[in-house]
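Analysis of the macromolecular model
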Amino acid sequence: MNYNNLVLGIIFIPVIGALCLPLAGRVSSRLRNILSFLFILSSFILSLKLIPLVLTGKTILISQPFALGLNFTLLADNLAVFMTCVSSLISAVIVLFSFGYVSHYDNQNEYYCMVTLFLGAMMGLVFSANLILMYVFWEITAITSWRLIGFFRDKAYVLKADKAFLVTVFGSLIMLIGFISIFQQTGSFDLPLIKEAYKAQLIPNLIVGLILVGILSKSATLPFQTWLPDAGVAPSPVTALLHAAVLVKIGVYVFARIFIVNITPDILWHTIVPLIAGISAIVAAGAALIETDLKRIIAYSTISQIGFIFFGLSIGNSIAILGALLYILMHGLAKAGLFLCAGIIEQNTKTKDITKLGGLISTMPFTGVAFLACALSVMGIPPFGGFFSKYLVFSGALAEGRLWIVLIYLICAFMTIIYLFRVFNLIFLGKINIEAKEGSSIMVGSVVGLAVLSLAAGILIYYPYKFAQVATWQMLGALK
Amino acid sequence: MIPNPLLLTIIIPLLSGILIFCVPKKLEGARSGLLVLANLAGLILAIILFKQSFTYTLPGIAPGLELSFRLYQFSAFMLLATSLFGVLIALYSVVFMQGKKLVSQFYAYFLFSIALTNGAFLADNLLVLLFFWEGLLVLLFGMIAIGNKDAFKTATKAFIIVGVTDLCMMLGIALTGHLAGTLVISKISLTLSPLANLAFILLMIGAISKAGAMPFHSWIPDAAIDSPLPFMSLIPAALEKLLGIYFLARISLDLFRLTVNSGLSTLLMIVGGATIILAVMMALIQKDYKRLLSYHAISQAGYMILGIGTAVPIGIIGGLFHMINHALYKSCLFLTSGAVEKQAGTTNLEKLGGLARKMPITFICFVVTACAISGVWPFNGFFSKELVYDGALERGWIFYFVAVAGSFFTAASFLKLGHAAFIGKISSENGKVKEAHISMLIPMIAIALICTFFGVFNQWPLNNLIQPILGAERLEGHNFSGFPTNTMLVIITFVVLILAILNHLYGLKKKGSGLHALDHIRYFPVVSNIYDLAEKGFFDPYNWGLGLVNVISRISFGVDKGINWVYDSLSPKLAYGFSSGIRKLHTGNYSVYLAWAIVGMLVIFGLLLR
């Protein structure tokens, strides 16, 4: 089989397919929904097919020269395939959930189109080995998420969507300046060539800083974090998709792609990035404890957990990077589950204020248990998957002797336990304040599925561990 | 294919637990039978495995992280103890839980707990150990939460406290792995250094929190009220003590070799001593059977930690012997409280009284185990306490003093408890109380007998179970079985016990009731103020911790809102301000525009001609 076609298929089946969805929606809404799911599922299945190849250490490079250095260069290595597998799997579950969730609302054609296009752009971004190509896909995700956040067309909601768009685009424009500066220095936007060029010289700190602004703004890290909780006005599957599983991981991924795989920045950044991420993690965890809006809490929790991923990546040894990659997987699964549970709760009780809820475990047992399972995974409690990723990140950091920074994250991990339990208790235990039914079977099925996946990822840690380990070796150039 | 017997000890309870979920609600007999049989199977397995030693490694759980188990003297003993408690408490629960809600959940969690505990004892890899150890957390939450209506609050408290300490332990394990270069427990032997000290302290936090020592204790008294009683008897009284002290012993004997002069040894003794005295002082003033017992469960953990912390052979042997003794008598004491609760409908001491005549067997079991916990000869508690005293005295008279003072208060509070519940007038509500069901009595009698046996024939457990753990080399030729050699200490112990009785008689004479026999201590000047504060939760470290977290959160929230203000208010204001300023310049007046153009041109020329 031609592997190049697989890579192209992963990107362009959802991208082109997305554009057909509004047409399909005119024929039948059911057809449109199923097509949307199939497009995303095909990305996932094709990604799976790439695994055997990349595990042997081979990579796929597709290059189509173009004027002005804007080459169409795609690279599929372990890291990229890991990322596409994770994001397409989670997106597929989220789309399944959407069947139940958005069925009551207007603009469904646009919704499915944007979700699918978003996933396609994400796939493109992951495989991009050219900075400008990466930037283009990056902005497509920004535009689609802008439409998706403003899905409910209220004035206030649209403003929040604008905010998310403005902050992330502000960041990405600054990042673009960084990219162009790299071009000035190395004469290329292609990452393999840039890698060669920076072997001889150190990349200037200014450029690293510029690119980092883009990365931090996309991954909602301090001081660019506030758009993320505000974006909680979006429909729940959207928040799950954007905040938990996919969008916020873009920044993390690009950090790994540029600053671990290709360019080694100054040693200084090994301290600055963990520190920024650590402060961000603490601030967000604290805010999550005070906040009373369910989706905002989970969004803050995302900011906090993203801090852990940055921490692992920026420590830069093989254990920590391995932990961070597993963290991307475990957090994605569990956090998507939490957001989707929040969606069920919000839709059935008509409120997002956790202080007004209570006792729902008796009427929504499946959602409750799924929520708890996902929360336990985020906390890092065995046998759930989050345990291993948290342990590995800590372990890697200690191997580098970063004791003091580790303590910041330890406090953060304490607070994670506390705020998630606060949410769980207020919603599911105690006195019933608002009566509510369990969600529709497809919605409950999706959240239970994510909870089971979180559990399976812990018990069957062997498989993700092995994959992530090979990816780490390849990232660090230790794999032949 | 039959899995390795070590795996069986984990798989049997795990599968039986899952099976219990599948049994329909109507077949209560089947569920109960499954619970007892699964535990019985575990006990048989543990007996077969006892005295054997081998390792077993399951290949390929994760590359570089193998699932390795090791059966040897210590873990085989622990396995045996766990399964013994499993069988007895299962037998008890079957009757106790009759007619209660969520029984199958309780049974399943019961079995899962046994499975994970066995896994933690057998694990020969720190990460595997942590996996089982932390997994218990979820079950802890589940088992407490199915208690009464507000139990989930206590469950959350327990989860947060133990979860936080487990995270410390996770960090400790990562650090140990880094220092030792391996996670295989039997290969680690670290010498103390500043970083190793930190690792030890982090691991120690995990261990003593499991054992329920201060300052990680405060969920236990709450759980005593809220959770189903067999839980108290199984988890905080037995399994968690075994786990916590087992791990503490492993880290201070094997992973790190704790030496007599190290600061860590002193630290452990301070923690142990403080736990003994502070918890027993709280036990004195309790007015509820179960809550009183739970404070003793905390206090007794102090003796074990003190014993191991002394780092001298006699103290360590004493601490380990006390671990198994405590697990025995404390779980039996909890079982008697359950019998009283089931038969009399309450454990509130003000409503109880005179039950000795109605429930004679329960009363005898209570007396035996209460004597054991108070350190009365010839029961098991006497012998282990004497060993701990001896070790403590070797390290400093203050530790010895605290330990003996602890004994005084222990005896005093058990005199009060026994008097209030079993002797005295029968309250009108308790008129029709009958002796408990036979299936609840058997476990109590069995444990009471073992307590006596371990006392009278203490040579057997010490020579066969406890002393081999330390090994001949480290015992330096000593044998600590038999009657204590230090006669002076024995005399002091007897004097202290007699003083406790005199104190009780004094209080009785003053107040005229067993329940209030300790009121002269409770309302002693100054002490009474401290007690008042303690009863309000002022000294609860959990509340302090939450308070601190709350402060951090408020600051964080402020920072977050501050940053948000920059985006939501400041930047739009700046943008509007800037554009409205610019707009004012556009007056529509041609001459002004012309002037701008000229100035602009001049600037450009100026730059070009420079």
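Helix and strand counts for chain B stand at 23 helices and 2 strands. Each of the three principal axes of chain B carries a C-alpha extent, and together these read 115 × 60 × 60 Å. The proportion of buried residues among the 610 residues of chain B is 54%. Summarising the internal contacts of chain B: among those between residues at least 6 apart in sequence, 79% fall at separations of at least 24.

Once that is clear, we can look at the overall build of chain A. From N to C terminus, chain A includes 19 helices and 2 strands. Since a compact globule built from 480 residues should have a radius of gyration of about 23 Å, the 21 Å found for chain A is in line with a globular shape. The contacts of chain A with a sequence gap of at least 6 include a subset with a gap of at least 24, amounting to 83%.

Further remarks concern the interface of chain B and chain A. With 35 residues of chain B at the contact, the number on the chain A side is 36 residues. Within the residue set of the side of chain B that touches chain A, elements represented by two or more residues are strand E1 (54-62), helix H5 (126-145), helix H6 (151-180) and helix H22 (541-585) of chain B. Considering every element that reaches the side of chain B that touches chain A, the biggest residue donor is H6 of chain B, with 13 residues. Among the residues making up the side of chain B that touches chain A, the classes are represented as 23 nonpolar, 9 polar and 3 charged.

All names here are of chain B. Put simply, helix H7 (residues 194-211) and helix H9 (residues 229-255) touch, their axes get as near as 7 Å, and they point 160° apart. For the element pair H7 / H9, the angle class is roughly antiparallel. The element H7 and its partner H9 pack so that their crossing is left-handed. Contact residues: H7 offers Phe200, Leu203, Met204, Ala207, Ile208, Lys210 and Ala211, while H9 offers Glu240, Lys241, Leu243, Gly244, Ile245, Phe247, Leu248 and Ile251. Split into classes, the residues belonging to the contact of H7 with H9 amount to 11 nonpolar, 1 polar and 3 charged.

Let us now look at the packing of helix H12 (residues 313-344) of chain B against helix H17 (residues 438-456) of chain B. Residues and elements named next belong to chain B. For the pair H12 and H17, the least separation of the axes is 9 Å and the interaxial angle reads 150°. Considered as vectors, H12 and H17 are oriented roughly antiparallel to each other. Once H12 is placed against H17, the crossing between them reads as left-handed. Residues Asn325, Leu328, Tyr329, Ser331, Cys332, Leu335, Thr336 and Ala339 of H12 form the contact with H17, whose own contacting residues are Met440, Pro443, Met444, Ile447, Ala448, Ile450, Cys451 and Phe454. Of the residues in the contact of H12 with H17, the class split is 13 nonpolar, 3 polar and no charged.

All right, on to the domain arrangement of chain B then. When the parts of a complex come together, some accessible area is lost, and that lost area is often taken as the interface size. According to the domain assignment, chain B contains domain 1 (312-524) and domain 2 (551-609). For domain 1 of chain B and domain 2 of chain B, the distance between their C-alpha centres works out to 79 Å.

All names here are of chain A. With respect to burial, strand E2 (residues 72-76) is a largely interior element, 4 of its 5 residues being buried. Relative to E2, strand E1 (residues 60-64) runs antiparallel, the two sharing 5 bridges. The partner of isoleucine 60 across the bridge, within E2, is alanine 76.

We now examine unusual backbone geometry. In this structure, the amide linkage connecting methionine 214 of chain B to the following residue, proline 215 of chain B, adopts the cis form with an omega of 0°. Mapping proline 215 of chain B onto the fold places it in the loop between H7 and helix H8 (219-226). Of note, the amide linkage connecting tryptophan 377 of chain B to proline 378 of chain B takes the cis form, showing an omega dihedral of 5°. The phi dihedral of alanine 220 of chain A falls on the positive side, at around 50°, and the residue is not glycine. Owing to 28 C-beta atoms within 10 Å, alanine 220 of chain A belongs among the buried residues under this scheme. The phi dihedral of lysine 350 of chain A falls on the positive side, at around 60°, and the residue is not glycine. Within the secondary structure layout, lysine 350 of chain A lies in the loop between helix H14 (318-349) and helix H15 (365-379). Since 10 C-beta atoms lie within 10 Å of it, lysine 350 of chain A is described here as exposed.

This part takes up the confidence of the model for chain B. The predicted model of chain B has a mean per-residue pLDDT of 82, with 98% of residues at 70 or higher. Across the interfaces of the predicted complex, the ipTM metric reaches 0.85, alongside a pTM of 0.88.

Taking 1.5 Å of rise per residue, 24 residues should cover 34 Å, and helix H3 (residues 73-96) of chain B covers 34 Å from first to last C-alpha, within 8% of that figure. Counted residue by residue, H3 of chain B has 22 buried out of 24 residues, so it is predominantly covered.

Within the secondary structure layout, glutamate 438 of chain A lies in the loop between helix H17 (403-428) and helix H18 (441-459). Residues contacting glutamate 438 of chain A, with those up to four places away along its chain left out, are Thr363, Met364, Phe366, Thr367 and Val444 of chain A.

The topology assignment puts serine 556 of chain B in helix H22. Assessed through the 24 C-beta atoms surrounding it within 10 Å, serine 556 of chain B is described here as buried. Here serine 556 of chain B is in contact with Ile282, Val283, Gly286 and Ala287 of chain A, once residues within four sequence places are set aside.

Core analysis: the largest hydrophobic core is formed by 426 residues, its most contacted members being Ala336 of chain A together with Leu140, Leu248, Ile305 and Ala403 of chain B. With sequence-adjacent residues up to four places away left out, alanine 336 of chain A is seen in contact with Ile90, Val93, Ile94, Ala240, Ala244, Ala245 and Leu450 of chain A.

Conventions we followed
Residues numbered from 1 in each chain as written. Chains lettered and ligands numbered in written order. Predicted model: local features only at pLDDT ≥ 70, side-chain atom pairs only at ≥ 80, totals over all residues. Helix = DSSP H or I, 4+ residues; strand = E, 2+ residues; numbered from the N terminus. Buried ≥ 20, exposed ≤ 12 C-beta atoms within 10 Å, placed from the backbone. Contact = placed C-beta atoms within 7 Å. Rg over C-alpha atoms; globule rule 2.2 N^0.38 Å. Nonpolar A, V, L, I, M, F, W, Y, C, P; charged D, E, K, R; others polar. Axes fitted to C-alpha atoms, helices over the stretch in contact; angles between N-to-C directions. Parallel < 35°, antiparallel > 145°, perpendicular 65-115°, else oblique. Left-handed = near helix turned anticlockwise from the far one by under 90°. Domains from an automatic or database assignment. Pairing = 2+ DSSP bridges. pLDDT = per-residue confidence, 0-100. Expected span 1.5 Å × (residues − 1). Core = buried A, V, L, I, M, F, W, Y, C linked by C-beta atoms within 7 Å.

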